[in-house]
Amino acid sequence: MPATMNDATPSRNRILLACAGLTGTAFFWATNAVLGRATVGEIPPISLAFWRWVTALIILAPIGIPAVIRQWPSVKRHWRAMVVLATLSVGLFNTLLYVAAQTTTALNIALMNASLPIALGLAAHFTLGERLDPIRGLGIALGFFGILTIITEADPMRLLRLEFVPGDLVMLGAVASWSTFSVVLRRQAVPLSAAAFLTVQIAFGIPVVAPFYIAEISQVGLQLPNPANFWIFLTVAVGPGLLAYTFWNNGVRTIGASRAALFLYLIPVFAAILGYIFLGERLAAFHAVGGVFILAGLLLASRRQRSPAGGPGQGID
């Protein structure tokens, strides 16, 4: 049976599993960032977003469609909330990120992503009643300091030399979209299993991307996945798509939006490691220093506490 948002405070094991899943989310989204940078100029950004989700839906269909059929009354009852959630996540967030990557730098994207845990923490505090106590506030500050250490390479003067371009505004839109999605996800009680929820989320999100994909085709022509690059679409569909979204949805429902957002601080850490392995990018001492601050912040801010908006995550159907 799918779990609802009003159950008792989740157990320690569920919290640990949620934290492990959120760590996996950060890893998969770091993979997504590396692949997004690597494919600039080769795969149009909206084409990558559109076919990523089409591929994910095809993979999920054998499990997801039967789950949706069994829970169709709940889907009909909550379809408006699902349309909002799908638009903000599948429809807008990653599409905007891919578009932003065409004209802005990875450093600027990392800097704006670093504002997500703060934005979500404040939004959850004021709209969901998730108490932001001093210890969690310190955790947010430590994580943010770790992010700044990495993206500035331990040189604060780099912040004064940042240059902002139109893609930065697009990335701010992506940050706003994901923050709103996570708060709505925590607030709305949608009693669907994980498989049904994600299937509906993707199915409702693809039509949001479709008009932009058609507009892109009119400008650059139709570019379909082919044998040479299909592995890229498959990778971003399974890891950053299916697994990451499942882990994120469960994490937000289990530990709350503000604490789940703190795990996004891990994305630059994983991206640095992946960039070193696959792109030949260097690792330096500031990566280790920043990583220590980020991990310390996570340990402080993700500690267990009761929340007025509490509730466990959804189970796999």
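### Let's talk about the overall build of the protein
Here comes step 1: Along the backbone of the protein there are 13 helices and zero strands.
Here comes step 2: Shown N-terminal to C-terminal, the secondary structure of the protein runs as helices and strands in the order α-α-α-α-α-α-α-α-α-α-α-α-α.
Here comes step 3: A total of 317 residues make up the protein; the buried ones form 53% of that total.
Here comes step 4: Contacts spanning at least 24 positions in sequence make up 92% of the contacts within the protein whose residues lie at least 6 apart.
Here comes step 5: Of the roughly 14000 Å² of accessible surface on the protein, a fraction of 71% belongs to carbon and sulfur atoms.

### Quick look at the nonpolar core
Across soluble globular proteins, nonpolar side chains have a tendency to be buried as a group.
Here comes step 1: Counting residues in hydrophobic clusters, the biggest one holds 80 residues, and the most contacted among them are Trp29, Trp178, Ile202, Tyr245, Trp248, Ile255 and Ile294.
Here comes step 2: Once you skip the residues sitting within four places of it in the chain, Ile255 turns out to touch Ile15, Ala18, Cys19, Leu22, Ala260 and Phe263.

### A few points about the packing of helix α9 (residues 194-220) against helix α10 (residues 230-255)
Here comes step 1: Orientation of α9 relative to α10, taken along the N-to-C sense of each, is 115°, at an axis distance of 11 Å. Judged by the sense of rotation from one axis to the other, the crossing of α9 with α10 is right-handed. Of α10, the residues touching α9 (which contributes Ala194, Phe197, Leu198, Gln201 and Ile202) are Leu242, Tyr245, Thr246, Asn249 and Arg253.

### Description of the environment of Leu300
Here comes step 1: By the element assignment, Leu300 lies in helix α13 (residues 285-301).
Here comes step 2: Remark: the alpha-carbon pair of Leu300 and Ile140, spanning 160 residues in sequence, is separated by 8.5 Å.
Here comes step 3: Residues contacting Leu300, with those up to four places away along its chain left out, are Ile135, Arg136, Leu138, Gly139 and Leu142.

### Brief notes about the confidence of the model for the protein
Here comes step 1: Overall, the predicted model of the protein reaches an average pLDDT of 81, with 84% of residues at or above 70.
Here comes step 2: Mean pLDDT across the secondary structure elements of the protein bottoms out at helix α5 (residues 106-113), with 61, and peaks at helix α2 (residues 45-70), with 96.
Here comes step 3: Segment residues 1-7 is flagged for pLDDT under 50; beyond a separation of four residues in sequence, or across chains, it makes 19 contacts in the model.
Here comes step 4: Across residues 305-317 the pLDDT falls below 50, and counting only partners more than four positions away or on other chains, this stretch makes 48 contacts in the model.

### A few points about a nonpolar patch on the surface
Here comes step 1: A grouping of Ile59, Phe230, Leu234, Val238 and Leu243 is seen on the molecular surface, where their side chains present a nonpolar patch of about 360 Å² in accessible area.
Here comes step 2: The leading source of residues in the nonpolar patch is α10, at four residues.
Here comes step 3: With a relative accessible area of 38%, Phe230 lands in the partly exposed category.

### Some points on helix α4 (residues 79-100)
The periodicity of an α-helix, 3.6 residues per turn, causes residues three or four places apart in sequence to face the same way.
Here comes step 1: Here α4 contains 22 residues, and its C-alpha end-to-end distance of 30 Å stays within 8% of the 32 Å for a straight helix at 1.5 Å per residue.
Here comes step 2: Along its length, α4 reaches its greatest deviation from straightness, about 35°, at Ala86.

### Observations regarding the side chain of His78
Here comes step 1: Take His78: it is sitting in the loop between α3 (72-77) and α4.
Here comes step 2: Leaving out residues up to four positions away in the same chain, His78 has contacts with Ala189, Val190 and Pro191.

### Details of the packing of α2 against α10
Here comes step 1: Look at α2 against α10: their axes get within 8 Å of each other, and the N-to-C directions meet at 65°. Regarding the angle of α2 to α10, the classification is roughly perpendicular. Crossing hand, α2 versus α10: right-handed. Across the interface between the two elements, Ser47, Leu48, Trp51, Arg52, Trp53, Thr55, Ala56, Ile59 and Leu60 of α2 pack against Phe230, Ile232, Phe233, Leu234, Val236, Ala237, Val238, Pro240, Gly241, Leu242 and Tyr245 of α10.

### Description of the packing of aromatic side chains
Here comes step 1: Within the structure shown, the criterion is met by 15 aromatic pairs.
Here comes step 2: A ring pair is formed by Phe50 and Tyr213, whose centres lie 4.4 Å apart and whose planes are at 10°; its orientation type is stacked. A residue pair is termed long-range when its members are at least 10 positions apart, and Phe50 in helix α2 and Tyr213 in helix α9 qualify at 163 residues. Summarising the burial analysis for this pair, Phe50 and Tyr213 share the class buried.
Here comes step 3: Grouped by ring-pair contacts, the aromatic residues Trp29, Trp53, Phe93, Trp178, Phe181, Tyr245 and Trp248 constitute a single cluster.
Here comes step 4: Positioned above the aromatic ring of Phe197, the side-chain terminus of Arg253 is 4.5 Å from the ring centre.

### A short note on the environment of Leu88
Here comes step 1: Tracing the backbone shows Leu88 in helix α4.
Here comes step 2: Sequence separation between Leu88 and Ala176 is 88 residues; the distance between their C-alpha atoms is 9.1 Å.
Here comes step 3: With residues near it in sequence (within four places) discarded, Leu88 still touches Phe93, Ser177, Thr180 and Phe181.

About the thresholds
- Residues numbered from 1 in each chain as written.
- Predicted model: local features only at pLDDT ≥ 70, side-chain atom pairs only at ≥ 80, totals over all residues.
- Heavy atoms only, no water.
- Helix = DSSP H or I, 4+ residues; strand = E, 2+ residues; numbered from the N terminus.
- Buried < 20%, exposed > 50% of the residue type's maximum accessible area, 1.4 Å probe, protein only.
- Contact = heavy atoms within 4.5 Å.
- Areas by Shrake-Rupley, 256 points an atom, 1.4 Å probe, with all protein chains shown as cover.
- Core = buried A, V, L, I, M, F, W, Y, C linked by side-chain atoms within 4.5 Å.
- Axes fitted to C-alpha atoms, helices over the stretch in contact; angles between N-to-C directions.
- Left-handed = near helix turned anticlockwise from the far one by under 90°.
- pLDDT = per-residue confidence, 0-100.
- Patch = residues over 30% accessible without salt bridge, like charges linked within 9 Å, V, L, I, M, F, W, Y side chains within 5 Å.
- Salt bridge = Lys/Arg side-chain N within 4 Å of Asp/Glu carboxyl O.
- Expected span 1.5 Å × (residues − 1).
- Bend = angle between axes of the 7 residues up to and from the residue.
- Parallel < 35°, antiparallel > 145°, perpendicular 65-115°, else oblique.
- Phe/Tyr/Trp six-rings, centres within 6.5 Å; stacked < 30°, edge-to-face > 60°.
- Lys NZ or Arg CZ within 6 Å of the ring centre and 35° of its normal.

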